Amino acid sequence: MAKRIDVSGLNAYYGSFRAIEDISMTIEPRSVTAFIGPSGCGKSTFLRTLNRMHEVTSGGRVEGKVMLDDEDLYGAGVDPVAVRREVGMVFQRPNPFPTMSIFDNVAAGLKLNGNYKKSELSDIVEKSLKGANLWDEVKDRLNKPGSGLSGGQQQRLCIARAIAIEPNVLLMDEPCSALDPISTLAIEDLIGQLKERFTIVIVTHNMQQAARVSDRTAFFNLAAVGQPGKLIEIDETERIFSNPSVQATEDYISGRFG
Amino acid sequence: MDTSTQNITTQPVPPPADAEQKRAARGATRPGDRIFLGLSRGSGIFLLVIMAAIAVFLTLRAANAISKDEGNFLTTFDWNPTANPPVFGIAVLAFGTVVSSIIAMAIAVPVSVGIALFITHYAPRKLGGPIAYVIDLLAAVPSIVYGLWGALFLVPHMDGLYGWLDDYLGWTGIFEWQGGAARSLFTVGILLAVMILPIITNVSREVFRQVPQMHEEAALALGATRWEVIRMAVLPFGRSGIISASMLGLGRALGETMAVAMVLSPSFDITASLLDPGGGTFAQNIASKFNEATEIGRDALIASGLVLFVITLLVNGAARLIIARRKEFSGANA
Amino acid sequence: MSNATLSGKRPSSLRGATLPKWFPWAVAAGSIALGLGISAAAGLDSSIQWALIAALLFVLGSYGIAARVEGPRQAKDRVATSLVWVAFILAVAPLASLIYETIKRGVKVLDGYFLSHSMGIIADSEPGGGIYHAILGTLEQVGLATLISVPIGVLTAIYLVEYGRGKLAKAVTFFVDVMTGIPSIVAGLFILSLWIITLGMGYSGFAGSMALTILMLPVVVRSTEEMLKLVPNELREASLALGVPKWRTILKVVLPTAIGGITTGVMLAVARIAGETAPVLLLVWVTPLINSNPFKDPQASLPVYIYLQYANSGGQGPGYDRAWAAALVLIAFIMILNLAARGIARWKAPKTGR
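Residues numbered from 1 in each chain as written. Chains lettered and ligands numbered in written order. Predicted model: local features only at pLDDT ≥ 70, side-chain atom pairs only at ≥ 80, totals over all residues.

## Points about the overall build of chain C
Rules: Starting at the N terminus, helices and strands are each numbered in turn, a helix being any DSSP run of H or I of at least four residues and a strand any DSSP run of E of at least two. To get the radius of gyration, use the C-alpha atoms; to get the globule rule, take the number of residues to the power 0.38 and multiply by 2.2 Å. Using C-beta atoms placed from the backbone, we call a residue buried if 20 or more other C-beta atoms fall within 10 Å of its own, exposed if 12 or fewer do, and partly exposed for counts in between. What counts as a contact is two residues whose backbone-derived C-beta atoms lie within 7 Å of each other.
A tally of regular secondary structure across chain C gives 13 helices and zero strands. Secondary structure elements of chain C, listed N to C terminal, follow the sequence α-α-α-α-α-α-α-α-α-α-α-α-α. Computed over the C-alpha atoms, the radius of gyration of chain C is 29 Å, more than 25% above the 20 Å expected from 2.2 N^0.38 for a compact globule of 354 residues. With the C-alpha coordinates of chain C rotated into their principal frame, the extents come out at 85 × 70 × 35 Å. For chain C, buried positions account for 51% of its 354 residues. Contacts in chain C between residues far apart in sequence, at least 24 positions, make up 71% of those at least 6 positions apart.

In structure tokens, the structure reads:
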């Protein structure tokens, strides 16, 4: 089910401000692609253009093409709701629905599409929670509110919620930045497992994390504050971290700025 | 923190309560501080005294009236305090107050929630602000003006709707219409709905605006339509807020006086049909009967006012309680 | 087009059938036309009726068509959207009508003479007369209420924010909330039983002012409290660190910083009580003559004037026109107060540290 993403000539705006400029890249299926770069370089904005979440923010606007296999997400007549069903997302801060139980949180996306039998629903919920390495921790309290879990558990709950609807792509926007090291490790392990089934794109501030989990890494940068962010280069993670082709990448990775 | 040499009241963070009191006592050593603290604390106490006085004086007059009442104060269908012996009861008023408020709530709550959603989630950003502003202003229109509008514009325009209700729902008995002027509890309910719309809308709007962006985004990222986002993230989060907003509106509707007095054609009986003129509410009855009341008559009206006071206290108290709970809830989650 | 992309168990369908953008407008126009048509055919003359029919048709129509073309989820979304729009229109219609009617009918007799003369000996059924006595009465009653409640209210708020955290403060906070919910007629009854029945005083503007004070106090306390809480603690610390006593810090630093917001709150409170009718009717009584002494004898007031002109006119004639004109004056007064208050709030906003 994992699909290839092919971006060409993408610009994203907030009102009249251009946040990212002319980005083209290919994201391979069944692999993890990491976006790194200094704050404000547009990596999160770019991520949100991949499931049409960018236009949710007021004044958000996108130009260019994002091909999911051979369909343009921004083509005429494409329903953003359908896009987000194909391209799931996990956010920076764990955001389970506070008024729903753990079970209902995972089932939330499924229920939108209606007609699942009760047994089917619990099968999928169990499968998704297992897929998110959370099942053993919560199987006895599925009816308790999701907000009662620890931060790391909440984040895995959100991952379970995202994968329950079987998207083709999973976008992760700094999924570990609000978590402690142990929870972070658990999520990183999980990412390694999930890439067997999904195309995964992860934005991270943590370069060690990018090195640990990703197959390919894209480095974003901006010329100055107030300038749009640009893609500097994208390559195999190993190359980026050992022998990048652009000087700025090396400067960033070696900690000279950012 | 102790940058001040003479005064250690500089702590910016509120310390625990007992330390606070000691601090206040120590801080008030110089005369200026003592006087100022005395004045401001006195004002607070004065407020409490007023509340106590309201309860005491209303109860005194009410007790006087009820002791002379030859009817049953709670169940008598009559208001005749000047008769000998005096006979009066609040049954009709209680019924009218409750019925008109229920009608008002049934109309106003869904519509207000709709407008609040419209402002926060549907209207284009440029439109949402001005609309909210206008609704704010409308909350300030005095009830006497609503009453004037209700009596001179709404009442004559209700005939068509009444005829309809009679045609299609007349068989229920509740919506039977004899063809009289539409000065009934039903029209009162509609007018009250219009009057409490702004306050319910404003409070719900604030609540909806506080829904964390991340919950809405979570729903969106699952492929939810706008309505599904509202159902999954906005309404559950705002539910207690909507309830307390409705309670505040209910409190207003229960105590509304002039608009009801101007629209309703009162009578001291309970009609089966909501569309027939007649009935009354606590507040309306006080305003309408007041100028012809004798001493015992005034006390009787005060007694009914006390009942209204207690009811609105309960409703408002419940609303505050819900709001307070919600604060704790969202605080724990933030 | 999805044949080629069938890589998984589910065919890709990003491109569901979508109705064009003008769809809601078309359905709305159709519903209104149909609503009018049905009403005309059935001989219904009430605008409420055809509007209700049109609204119903609009909701059902968008659901039916959308369900067929776009599927049930989108259809539900569209129904929700149209219901929200209907709610908005349902609410705005009566409110717009209220403003429109008041202005249309109010301007008839509204002129300089109307504003500068009392009713005097003119009977309610005769034309002429004015509202000068009522404006004077309202201004005096509201002014007195403001004079009493602003110091008490601001001091109470200062106590709550700057001093109180014990049981007393909790009680005060609670009862301020309770007071907000007191129906105006109950406040009137209280002053009636205390001032007029128990103390044996007569009807006067001041009696009304006391009832208005009860209504105004909690609003002033609440808004002042909010404003004082917005004053940054750094300011207080800076002043205290200079050795300024606490009471002077409050008077010279805290209050001036919050003064814009407090003024706004007070003006909104004034706007709220200026239209109160019930307590004034109970306590001030009424007179057609000018009485400039609020402490003795009945006074007129705008809201009560409106009520009596309406009640004695039977819905037509000069009294009816005067009621609308007075209502227009009252609304204008309140709206101007509101706008000015919000203007001040906006103008002062950056200084309160946000």
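## Some points on the overall build of chain A
Counting secondary structure elements, chain A contains ten helices and ten strands. C-alpha extents for chain A along the principal axes are approximately 55 × 45 × 30 Å. Every one of the 258 residues in chain A was classed for burial, and the buried ones make up 47%. Partitioning the intrachain contacts of chain A with sequence separation of at least 6 by distance along the chain shows that 68% fall at a separation of at least 24.

## A closer look at the interface of chain C and chain B
Here is the rule: Lys, Arg, Asp and Glu make up the charged group, whereas Ala, Val, Leu, Ile, Met, Phe, Trp, Tyr, Cys and Pro make up the nonpolar group; the residues left over, Gly among them, are polar.
Counting residues at the interface gives 84 residues for chain C and 82 residues for chain B. Per-element tally for the side of chain C that touches chain B: the top contributor is helix α3 (residues 72-106) of chain C, with 19 residues. In the side of chain C that touches chain B, the residues fall into 54 nonpolar, 19 polar and eleven charged.

## Here's the deal with the nonpolar core
Side chains of a nonpolar character, in soluble globular proteins, are inclined to be buried together. Stated formally: In these notes, a nonpolar core means any group of buried Ala, Val, Leu, Ile, Met, Phe, Trp, Tyr and Cys residues linked to one another through C-beta atoms within 7 Å. Note: domain ranges come from an automatic or database domain assignment.
Within the largest apolar cluster, 285 residues are counted, with the highest numbers of intra-cluster contacts made by L148 of chain B together with I306 and A326 of chain C. Of the residues that make up this core, three or more belong to each of domain 1 (2-106) and domain 2 (132-347) of chain C. Aside from chain neighbours lying at most four places away, what touches I306 of chain C is I144 and L148 of chain B together with A323, A326, A327 and L330 of chain C.

## Quick word on the interface of chain A and chain B
Counting residues at the interface gives 22 residues for chain A and 17 residues for chain B. If you list the elements that add at least two residues to the side of chain A that touches chain B, you get α2 (80-86), β6 (87-90) and α3 (102-112) of chain A. For the side of chain A that touches chain B, the per-class residue count stands at eleven nonpolar, seven polar and four charged.

## Quick word on the domain arrangement of chain C
Residues and elements named next belong to chain C. On domain assignment, one finds that chain C holds domain 1 (2-106) and domain 2 (132-347). The straight-line distance from the C-alpha centre of domain 1 to that of domain 2 is 44 Å. Each partner contributes to the interface: domain 1 provides four residues, whereas domain 2 provides six residues. When its residues are assigned to classes, the side of domain 1 that touches domain 2 shows one nonpolar, two polar and one charged.

## A closer look at helix α3 (residues 91-122) of chain B
Note on helix geometry: an α-helix contains 3.6 residues per turn, so any two residues three or four positions apart are oriented the same way. As a reminder, the rule being used: Multiply 1.5 Å by the residue count of a helix minus one, and that product is the helix's expected span. At any given residue, the bend is defined as the angle formed between two axes, one fitted to the seven residues that end at that position and one fitted to the seven that begin there.
End to end, α3 of chain B covers 44 Å across 32 residues, agreeing with the expected 46 Å (1.5 Å per residue, within 8%). Considering bend angle alone, the principal kink of α3 of chain B is centred on A108 of chain B and spans about 25°; proline P110 of chain B follows within four residues of it.

## A few points about unusual backbone geometry
A negative phi angle is the norm for most residues apart from glycine, just as the trans form is the norm for most peptide bonds. Omega for the peptide link from N84 of chain B to P85 of chain B comes to 0°, which places this bond in the cis form. Looking at the element boundaries, P85 of chain B is found in the loop between β1 (79-80) and β2 (87-88). Even without glycine at this site, W285 of chain C takes up a positive phi of about 65°. Secondary-structure assignment places W285 of chain C in the loop between α11 (278-283) and α12 (302-313). On the basis of neighbour counts, which here come to 20 C-beta atoms within 10 Å, the residue W285 of chain C falls in the buried class.

## Re the pairing of strand β3 (residues 32-36) of chain A
Residue and element names in this part refer to chain A. Filter applied, for reference: Pairing between two strands is assigned when DSSP locates at least 2 bridges connecting them.
β3 sits mainly inside the fold: five of its five residues count as buried. Of the two faces of β3, the one holding V32, A34 and I36 and the one holding T33 and F35 are both buried throughout. Where β3 meets strand β9 (residues 216-222), four bridges bridge the pair, whose relative direction is parallel. Across the sheet, residue F35 finds its bridge partner in β9, namely A218.

## Details of the pairing of strand β10 (residues 229-236) of chain A
Consecutive side chains of a regular strand alternate in pointing toward one face of the sheet and then the other. Residue and element names in this part refer to chain A. Bridging between β9 and β10 involves seven bridges; their strand directions are antiparallel. Bridging from a neighbouring strand, T217 pairs with D235 of β10. Taking the residues that link successive antiparallel strands as the turn, the β9-β10 hairpin has six residues, and the phi of G226 there is positive, at about 95°.

## Some details on the environment of D177 of chain C
Relative to the helices and strands, D177 of chain C resides in helix α6 (residues 167-180). For the pair D177 of chain C and V221 of chain C, spaced 44 residues apart in sequence, the C-alpha to C-alpha distance is 9.8 Å.

## Some details on helix α6 (residues 151-164) of chain A
If you check α6 of chain A, its first and last C-alpha atoms are 20 Å apart, about what 14 residues at 1.5 Å a residue would give, namely 20 Å. Positive phi appears at E166 of chain A, one or two residues downstream of α6 of chain A, with a value of about 50°.

## Things to note about the confidence of the model for chain C
Residues and elements named next belong to chain C. Let me state the cut-off plainly: pLDDT gives the predictor's per-residue confidence on a scale running from 0 to 100.
Counting all residues, the mean pLDDT for chain C is 85, and 92% of those residues have values of 70 or more. Within chain C, the lowest mean pLDDT, 81, falls on helix α2 (residues 47-70), and the highest, 94, falls on helix α5 (residues 132-163). Per-residue pLDDT stays below 50 along residues 1-11; that stretch engages in eleven contacts with residues further than four places along the chain or on separate chains. Scored below 50 in pLDDT, residues 350-354 shows twelve contacts in the model against residues more than four places distant or in partner chains. Overall fold confidence for the complex sits at a pTM of 0.85, while the interface term, ipTM, reaches 0.86.

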